[in-house]
Structure formats: structure tokens, C-alpha cells
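One letter stands for each residue in the lines below.
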Amino acid sequence: MDLGRHLCLKRAKVKDVFNNLGGDSASFFFKNPHLEDESCEPPMNPPSHEPFWQFGSDYWFEKLKSSPDGLQSSDAERRLRVSGAVRKTRSGFQKDLSLLLRQFRSPLMLLLIGAVLLSAFLGEKADVFFILFVLLSTSLLGFFQERNAGKVVEKLQSMIAIKCTVLRDGKMVDIPASNVVPGEVLLFNAGDMIPADCILLEAQELHTNEASLTGETFPVRKSAGVVDTGTELSKRVNCLWEGTSIVSGNAKALAVYTADKTLFGSVVQSTSKVVETAFEKGLGNFGFLLMRITLFLSIIILLVNLLTHKSLVESALFALALAVGMAPELLPAITTIAMSAGARRMLDKKVIVKNLSSIQNLGAVNLLCTDKTGTITEGAIVVEKLTDAFGEDSDAVKTMAFWNALFQTGYNNPIDEALKKLDVSTAALPQKLDEVPYDFIRKRLSIVVGTDKGMQLVSKGAYVQVMEVCTKVLFPDGRTEDVKDYRVQIDKLFELYGENGFRVLAVAYKEVQKADLEKEDEVDMVFAGFILFQDPVKTGISETIASLKKLHVGLKIITGDNKNIAKSIGEQIGIHHPVVMTGKDLFEMSPEAMAHKVKSAHIFAEVEPQQKERIIQALRKSYTVAYLGDGINDVSAINAADVGICVDNAVDVAREAADFVLMEKQLSVLVDGIREGRRTFSNTLKYIYISTGSTFGNMISVALASFFLPFLPMLPSQILLTNLISDFPYLTVVSDNVDAAEVEKPGKWDLKVIKRYMITFGAHSSFFDIFTFAILYFAFKNNASAFQTGWFIESVLTELLILFVMRTHGPFWRSRPGKYLFIFTSIGLVVTLGLPYMPFASGLGLVPLPWKQMVALLAVVVAYVLTAEGLKIWFFRRN
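All values derive from a computational prediction rather than experimental measurement.

What counts, and where the lines are drawn
Residues numbered from 1 in each chain as written. Predicted model: local features only at pLDDT ≥ 70, side-chain atom pairs only at ≥ 80, totals over all residues. Heavy atoms only, no water. Helix = DSSP H or I, 4+ residues; strand = E, 2+ residues; numbered from the N terminus. Buried < 20%, exposed > 50% of the residue type's maximum accessible area, 1.4 Å probe, protein only. Contact = heavy atoms within 4.5 Å. Areas by Shrake-Rupley, 256 points an atom, 1.4 Å probe, with all protein chains shown as cover. Patch = residues over 30% accessible without salt bridge, like charges linked within 9 Å, V, L, I, M, F, W, Y side chains within 5 Å. Salt bridge = Lys/Arg side-chain N within 4 Å of Asp/Glu carboxyl O. Core = buried A, V, L, I, M, F, W, Y, C linked by side-chain atoms within 4.5 Å. Polar contact = N/O pair within 3.5 Å; in protein donor to acceptor, adjacent residues only side chain to side chain. Axes fitted to C-alpha atoms, helices over the stretch in contact; angles between N-to-C directions. Parallel < 35°, antiparallel > 145°, perpendicular 65-115°, else oblique. Left-handed = near helix turned anticlockwise from the far one by under 90°. Pairing = 2+ DSSP bridges. Phe/Tyr/Trp six-rings, centres within 6.5 Å; stacked < 30°, edge-to-face > 60°. Lys NZ or Arg CZ within 6 Å of the ring centre and 35° of its normal. Right-handed = clockwise from strand over helix to strand, strands pointing away. Lys, Arg positive; Asp, Glu negative; His and termini not counted. Charge placed at Lys NZ, Arg CZ, Asp CG, Glu CD. Arc of directions from axis to C-beta. Expected span 1.5 Å × (residues − 1). Disulfide = S-S within 2.5 Å. Nonpolar A, V, L, I, M, F, W, Y, C, P; charged D, E, K, R; others polar. pLDDT = per-residue confidence, 0-100.

**Observations concerning the overall build of the protein chain**
Link 1 in the chain: Counting its secondary structure elements, the protein chain contains 31 helices and 23 strands.
Link 2 in the chain: Evaluated residue by residue, the protein chain yields a buried proportion of 56% over its 879 residues.
Link 3 in the chain: Nonlocal contacts in the protein chain, meaning residues at least 24 apart in sequence, comprise 74% of its contacts between residues at least 6 apart.
Link 4 in the chain: Entry remark: accessible area of the protein chain is about 37800 Å², with carbon and sulfur atoms responsible for 57%.

**Thoughts on a nonpolar patch on the surface**
Link 1 in the chain: There is a patch of nonpolar side chains on the surface, built from F728, Y820, F822, I823, F824, I827 and V831 and spanning about 610 Å² of accessible area.
Link 2 in the chain: Broken down by element, the residue count for the nonpolar patch peaks at six residues, all from helix α30 (residues 819-834).
Link 3 in the chain: Relative to the helices and strands, F822 is located in helix α30.
Link 4 in the chain: When its relative accessible area of 46% is taken as the criterion, F822 is described as partly exposed.

**Things to note about the pattern of salt bridges**
Link 1 in the chain: Inspection of the entire model under this criterion finds 23 salt bridges.
Link 2 in the chain: Of the charged contacts in the structure, one is a salt bridge between K612 and D634, with a shortest N-O distance of 2.8 Å. Of this pair, K612 sits in helix α22 (residues 609-619) while D634 sits in the loop between β21 (625-628) and α23 (635-640); the two residues are 22 residues apart in sequence, bridging distant segments of the chain. Both residues of the pair, K612 and D634, count as buried.
Link 3 in the chain: One salt-bridge network, held together by shared partners, links R442, R444, E468 and E522.

**Examining the environment of E468**
Link 1 in the chain: Among the secondary structure elements, E468 is positioned in the loop between α16 (463-467) and β14 (470-474).
Link 2 in the chain: Measuring from C-alpha to C-alpha, the distance between E468 and D524 comes to 9.3 Å, with 56 residues separating the pair along the chain.

**Topic: the nonpolar core**
Link 1 in the chain: Core analysis: the biggest nonpolar cluster contains 71 residues, and L368, F604, I616 and F660 have the highest contact counts within it.
Link 2 in the chain: Filtering out sequence-adjacent residues up to four positions away, F604 remains in contact with K556, I557, I558, T559, M581, L586, V598 and I615.
Link 3 in the chain: Formed by 69 residues, the second largest nonpolar core is a distinct cluster that contains I301, A786, I802 and L803.

**Details of the side chain of S726**
Link 1 in the chain: Here S726 shows up in helix α26 (residues 716-731).
Link 2 in the chain: Polar contacts involving the side chain of S726 include one to the side chain of E799, which spans 3.5 Å.
Link 3 in the chain: What S726 contacts, discounting residues up to four positions off in sequence, is E799 and L800.

**Section: the packing of α26 against helix α29 (residues 784-806)**
Link 1 in the chain: Remark: α26 packs on α29, axes separated minimally by 10 Å, with the N-to-C direction vectors making an angle of 20°. Regarding the angle of α26 to α29, the classification is roughly parallel. With respect to the hand of their crossing, α26 and α29 are arranged in right-handed fashion. Residues Q718, L721, T722, I725, S726, P729 and Y730 of α26 pack against Q788, F792, V796, E799, L800 and L803 of α29.

**Quick notes on the environment of S568**
Link 1 in the chain: Tracing the chain through its elements places S568 in helix α19 (residues 563-572).
Link 2 in the chain: In this structure, the C-alpha to C-alpha distance between S568 and F502, residues 66 residues apart in sequence, is 9.1 Å.
Link 3 in the chain: When neighbours within four sequence positions are excluded, S568 is seen to be in contact with G498, E499 and G501.

**Observations concerning the sheet that holds strand β8 (residues 351-353)**
Link 1 in the chain: Read across the open sheet, the eight strands follow the order β8-β23-β22-β21-β9-β18-β20-β19; overall the sheet is mixed. If you trace the sheet from one side to the other, it starts and ends with β8 and β19 (580-582), each paired once. Across this sheet, the average inter-strand angle for adjacent strands is 20°, counted without regard to direction.
Link 2 in the chain: As paired elements, strand β22 (residues 643-647) and strand β23 (residues 660-662) share three bridges and run parallel to each other. Bridged to C646 within β23 is V661.
Link 3 in the chain: Most of the contacts of α19 go to strand β20 (residues 603-605), to which it runs at about 155°, and overall it touches β19 and β20.

**Let's talk about the packing of aromatic side chains**
Link 1 in the chain: Considering all chains together, one arrives at 33 aromatic pairs under this definition.
Link 2 in the chain: Arranged with centres 5.1 Å apart and planes meeting at 80°, the rings of Y777 and F778 form a pair that is edge-to-face.
Link 3 in the chain: Given the relative accessible area of 25%, Y777 is considered partly exposed.
Link 4 in the chain: Of the aromatic side chains, those joined through ring pairs into one cluster are Y463, F494, Y497, F502, F527 and F530.
Link 5 in the chain: The residue whose ring lies beneath R236 is W53, and the NZ or CZ to ring-centre distance is 3.7 Å.
Link 6 in the chain: Between R479 and the ring centre of F475, over which it is positioned, the NZ or CZ distance is 4.0 Å.

**Considerations on the pairing of β22**
Link 1 in the chain: Where burial is concerned, most of β22 is hidden: five out of the five residues are buried.
Link 2 in the chain: Residues V643, I645 and V647 of β22 are buried on one face, and the alternating residues G644 and C646, pointing to the opposite face, are buried as well.
Link 3 in the chain: Pairing between β21 and β22: three bridges, direction parallel. Residue pairing in the sheet places L628 in a bridge with I645 of β22.
Link 4 in the chain: Crossover connection from β22 via helix α24 (residues 652-657) to parallel β23: handedness right-handed.

**Observations regarding a positive patch on the surface**
Link 1 in the chain: A surface patch of like charges, here positive, comprises R292, K752, K755 and R756.
Link 2 in the chain: Ranked by the residues each element gives to the positive patch, the list is headed by helix α28 (residues 751-779), at three residues.
Link 3 in the chain: Tracing the chain through its elements places K752 in helix α28.
Link 4 in the chain: The class for K752 is exposed, based on a relative accessible area of 62%.

**A look at helix α18 (residues 541-550)**
Link 1 in the chain: Turning to α18, its buried residues number three or more, namely I541, T544, I545 and L548. Viewed end-on, α18 has its buried residues packed into an arc of 100°, placing them on one side of the element. Facing away from the buried side of α18 by more than 90 degrees, the exposed set consists of E543, K549 and K550.
Link 2 in the chain: Looking one or two places after α18, you find H552, whose phi comes out positive at around 60°.

**What to know about α30**
Since one α-helical turn is 3.6 residues long, residues separated by three or four positions face the same way.
Link 1 in the chain: Look at α30: 23 Å from first C-alpha to last across 16 residues, which is about the 22 Å you get at 1.5 Å a residue.
Link 2 in the chain: Taken together, the buried positions of α30 are occupied by L821, T825, G828, L829, T832 and G834.
Link 3 in the chain: Along its buried surface, α30 packs onto α26 and α29.

**Let's talk about the state of the cysteines**
Link 1 in the chain: In the structure shown here, the tally under the stated rule is zero disulfides.
Link 2 in the chain: The closest cysteine sulfur to the non-disulfide-bonded C239 is located on C198, 9.2 Å from its own sulfur.
Link 3 in the chain: Judged by relative accessible area, C239 falls into the buried class, the value being 0%.

**Brief notes about the packing of α26 against α30**
Link 1 in the chain: Running from N to C, α26 and α30 point in directions that differ by 165°, and their axes come no closer than 8 Å. One way to sum up the angle between α26 and α30 is to call them roughly antiparallel. Like other packed secondary-structure pairs, α26 and α30 cross with a definite hand, here left-handed. Of α30, the residues touching α26 (which contributes I725, F728 and P729) are F824, T825, G828, V831 and T832.
Link 2 in the chain: When the residues that make up the contact of α26 with α30 are grouped by side-chain class, the tally is five nonpolar, three polar and no charged.

**Some remarks on the confidence of the model for the protein chain**
One rule of thumb: low pLDDT means the predicted coordinates there are not for detailed reading.
Link 1 in the chain: Overall, the predicted model of the protein chain reaches an average pLDDT of 81, with 83% of residues at or above 70.
Link 2 in the chain: Between the elements of the protein chain, mean pLDDT differs from a low of 32, seen in helix α2 (residues 26-29), to a high of 96, seen in β14.
Link 3 in the chain: Contacts of residues 1-42 to residues separated by more than four positions or lying in other chains number 96 contacts, the stretch itself having pLDDT below 50.
Link 4 in the chain: Confidence over residues 269-275 falls short of pLDDT 50; this stretch has twelve contacts with residues more than four positions distant or in other chains.

And the structure:
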């Protein structure tokens, strides 16, 4: 089950699907025919005409042959093998066959196939075999390269597969989400992705995010029970849906539908759509632009040759060959291979790429936004002190903080892990009676415990949110007084702790008369005191930030922590006089003012989760933004950023939203990732520069030559051979070395610059082509074969040598090319110079040239390379 693709669905598109269903959406949900049961097996998915929300848990336990303790492991494995619980996946052979056939779908390949058919129809056997050779060579080359790239992606995806907690044999076990079967009993905490359509068995303050299904951005409260058959989707409070996630609370649920039988599974089949990055869109538009130019010029050349009374067959094949030879047929393959090679290198740098196309965006990043915990700081939370409301050590606060951390059942976090290590006796632990889980609105977590003195509600959370539900304050002697009389004093103490760099939580309590409580009962509490945590700044973080600056990447901290703590951390990492903007400041700003103000701020503190998204959106108006986060409260910001990043131990929903997963929570790892992203971008751009300048010029040259020459400037087979010889070294561009100067600055896709480059270097190439024509035809008075051989040699040599010129923006002799690029280019040069002297040369229309002509051609090539070098330096200084 590919949960990642759920996040690629556009909300509007999904909503349209439901809106177009008409009547009860249950008719759509249950339209699939149910699987036939094996005689010895329970049904893998229940009969699909049953709206499962109208029945209670007992009905479904019996129907699915399950129990509150879950399935037996052997039973679950047997159900999984039946295959109804797994989305259909293609075999390796099917994938390879599909990939191979896809190589022949491009317009260029179709042109080659047309040329084969035309040659066969006319009985040109030599052309048929040669064009087939070129066709198969090019397609197989692309097939094997893309196949290897695909295997890299599969490996990366397997490393970050989503897991979920289920009950098997009455015990909690973690299994891959794709292995969940109907009848499975699942346990959920905040941050978990839901892998199946489920009926709730138990729920505590449970809220889910169903935006991917309904488009509704507010969390939906859920509870166990039964609802009517005709209840609309958004009000089926007893259901959990695949592809949605837990925002807060915890739950126990029974999986009813899995795989393609789920509501989301049905929608995905009809609406799944990959969202293109800006680079992909630009690349696609550029590819289509070149295709249009190529086809237009090919038609012009065909008409010119016909008007000058050349053979119809030769003219048609010549035009087809030019269209194939001059168009950037390797562009899709180069892009895929470059990105997969980049992903492989990034994995070595401990960065997992989830979305290949995002590598280009990472290279363009010039601003990194991150929380401070675990990235700026060590993330190793240490309890420094526990005090009462007046700064004195407090055993009462210590005990209550320990109970609260020990008994909470939400998602694991370093704060509670640190509190569990407190030196508190466990010999006479109270009994846990209830829990009100943490959420990002209340910013509190409460438990109810039963002691020999009665029942007590203990809350722990952010200072402001805890203080707002308190009416009393606890004194060291045990008495309580009105907190209003001491509020200013307590606030000053809290601010002092923050200024000293402590992370601060507050503890409050009250006696209660009933165990079954809700968040509304968190009122009239007694403020007990503070928990002070220390999270030291990471060693080497200042050097890492300096490395980011060298890469022209700025850093902004976005945190929910107190502004004094955040400011203290900023000063420790070298931000002099940091500008701090709080969530309250942001709330009072208009969108226009915010877009301007956020640029000058270094730190955003005390921000709400939804404000993180607003900050990122405002920053994107001026920067290409990467956001690094790992919590539920970071998901909206991860989605809003140009590049979303999380760490491998992030909550499920954050990992699903991210484009990249860091195997280590170190900013230095991300620095390496940005460098690799820029290398990948640079190498992709190299192919575009190399292929467009010379080929565009060649097209113009051929069009002009066709007016004056009584024969074709080059035979169709020679054009295709030129293309084939240059393809091999061109493919090695993806592994080429990249100059340090290219890595230091963000790479951006600029179609205007590429168009100017194409015109500038196209004109340069055309000048030398026409000069070559003049030497071969007028100076040496060559016949057709000698002329075609001369221009074939000149064309291939210039296309290969321009590789060394255009692979760097500086002087080419100062930049070392990649090993494979050098080897394959050298082989191409030797093959080109040797072909006219081969026994089969006449079959290709090639003849040996006199040494004077060879010297003249080599002189033209040298002049071309040297002038191209000078023109390149001039061009890139101006653009």
C-alpha cells in the first residue's frame, strides 16, 4: 500500500469525485464486488454492500472472525496470502516490459519507426537494418539506465516504509502498513497514519485529519459507537479512513476494509495524479518548444529539398533523420538518470530521497527553516530542576511530573522519556484512572490517578496554557492562595528561566470526584510549579551554519517555545542581536505586512502549527524554502514549503508529507544534501546547454545548405550515426564532476537564459557549419560522398568536444571532467576518425579523405572550440 501517493491527490479533485457521485456516497464506496471466499478462510474484505458504520464491534468481530485481542499470527499471514488484503502490484517482468515499451512511445522513437517502415516499403534494406540498430540501441540504453534508476527508488522507498501497531496473539507488534488485513485490531497514537478503513473500538480525546478525503482542514472528533446508514462521510464519527491521520488522542480500532476496497483506495484508482515540480514543468515546456522547432525546421528542409528536385524518398528520410538527430531525445532519460544518481549519492550522505523530482528543488533552496530541538540543539532533553511557583525545589512537582509522564499513552517524546528517569519511588504508585491526551490547541496533557487520599487530576504543559486554567497557587507549606495575587511574580520567574536558556513546562493539579473526565474539566486548578529542561546547543552547529552561508542558504528558526528561550539559543549559535517575532505579532499582521516583515526576522517563537504554514507561505514569496520538522505540528509547514524534510524517527504523517528523510538529525547532513542537489541540477543543465546550442545551429545550417547544394549535406544514416555516437558520452554527463562555484550558488531554472543561449550558440555553430560547407564544396570541390564524409566528421567532433567546453562556466582546461565522460568521449573521437577507413564505410556513404582536407577540418574544429570557449565566458558573465 503506497500511502505516500495519497498526499499527491489534490483536495479539490477528491471532493469533485464525491460531489459527482450523487446520493449517498456509500453507493460509490461499496460498488466493488466482494472477493470470493476460500472454503476454509474468513472473508478478506466483507461483502462490499454493507455500510460498516451502522454496525457495532460485536457484529464485526463475528463477521471478520476476530476478537478484541486481535488475530492469531498464523491466521493473519494466511489472510495476507489470499491477496485480497494487498493492492495489486505488477511483477518484475511486467514492470520491465512496461518500461521497455515506454521507450518507444516518444515522438522521436515514433519518427524512427516511421523511417524503418518507409525504408522497408521502398526496399532500402541497408537503411532498414541501420535504423533498426539505432532504434534498438537507443531504446535499450534508456531502458537499462531507467531500470537501474527505478531500483534505486524502490530501495529508498523500502527504507522509509510506514509501520503500524497491531494486536497479534494478544500482544502488541509493529508490522508494515501494507500487511494489515481485515480483522486486525490496531492501536493508534497522535501522528499515526491510518492504513485501513476501521471501526472504532475505543477512543480517548481522538481527533483526526480528514482533509485528504473531504478537504476539511479542521480536525474531526471521533468516538466509538454506531451511526445511521445514510450518515454523510464527515459525520461518521465511529470510522477511521485509510490515508487520514491521527492529530491527537489515542484509539483502538478494528480494520474492516483494506487495500483497494477502502474508500481512499477506490478514489485513488480514479484520481491519482503526480504533482509536477517547477523544474519538471519548465523542462517539459522546454522539451515541447524544441520539438516544435525541430519539426517545423524539418518540414521546411523537406520542402526545400523537394523544390530543388531532390529524391522524394531521400528527402523524406533526411528530414526524419534530422528530426531525430537534432531533437533532445535523451532529455527525459538524462533527467531520470541524473536524479537517481543524485539520490544514490545522497543516500551515502544519509539523506533518503522520497520524491526524485524534488532533488532539483533542493538544489535551488536559499532559505532553510527549522525547529531548534534536535537540529540546533542536541535534542537530548535533561531535567535540570523542578521548582515550585517561587523557584524553590519541590518534591510535589517532581512526583506529579513523574506520574504524568509515566502514565501518558500518547506518542513517545524526549520530554516524557526524561521525566520517567526521575528519582521517584515506584513502590506505591497510584492507579491511573483516565487520561486527556495532549493536543496543540490546549498544549496540555492530563491524567487522573487514584491515591489513598482520593482522585487527583494532574496536568503538564506549556506555561501560558497551564496558567490560564489555574485559580490557585501551591505554597511550599502546602497551603493554596489566589494565583492572581502572585501572577506578576510567577510570570517574571518564568521569563527569567527562559532568558537563562531553559525550556520550561508547568504543572498543575486539582482534586476530583469522578474518574471519567474530559478536557472541559481542566478548570479551577492549582498551579504547582515548573519543570526546567536543558537542551544544549549541538557541537559544531556554528560551523554548519557557516557552511550554509557559503552555499548562500539562510537560516530561520521556527519554534513553539518561549521567545526568551529561542532568543538565547539564537545568540548561542552566533546570531547577533536576533530579531524575534512571536505568534501574537503574526496574528495581528495583514498578509501584505507579513510578507515584508518575515524577511527581517531571524527567529519565530511561540507560534501555533497553522502559523508555521503562514510563515512558510510568506517566505516563499521571496525565497525558495526548505522546512525541516518531525512532529504533527510541522506537517502543514512541510507541505507548504518548496522542499519538505523530516528525520527518520519523525511521526508517520510527517514522513509521508516530506520529500526527503534525514537518517541523522544533523544540519550538516542537510548541507551535504543541498550540495548533491545542486550537482544533480548542474549536470542536468549541462546536457541542455550541450545539446541545444550545436543542434539548433546545425538545423539552420542544413536548411541553408539545402538551397545551394545539388545533393543532401549528409545521408540519413550518417545523421543517425552522429546521434548514436554522441549519445553515449552525453549519458555520462550525469556522473560528471561539478565545479565548486556551481555548487556554492542555488541553481534556478530560467527558460529565458536557455533561449538566449540557444540563439547565441546556435548562430556560432551555424557560422562554422557554413564555413565548413564552403571549404568542402568550393575550396576542395568535393563530390557528394566526400562532402558528406567531411561534414559528418566535423559535426561529430564538434558535438563531442563542445562537451568539454560547456560542462563548466570557467576555462575548460581548469576543470577536470568525470572519468566516464572522458573515456566515452575519447572513444567517440577515435571511432569517428576511423570510420571512413573501415571496410563497411561505403555502406554508410563514407569515404577516406585526403590528409589536407583532414587537416583543414581539424583546424576548423579547433577554431570552433576556442571561439566557443570565449563566447561561453562572455555569455555566462552577462547572464
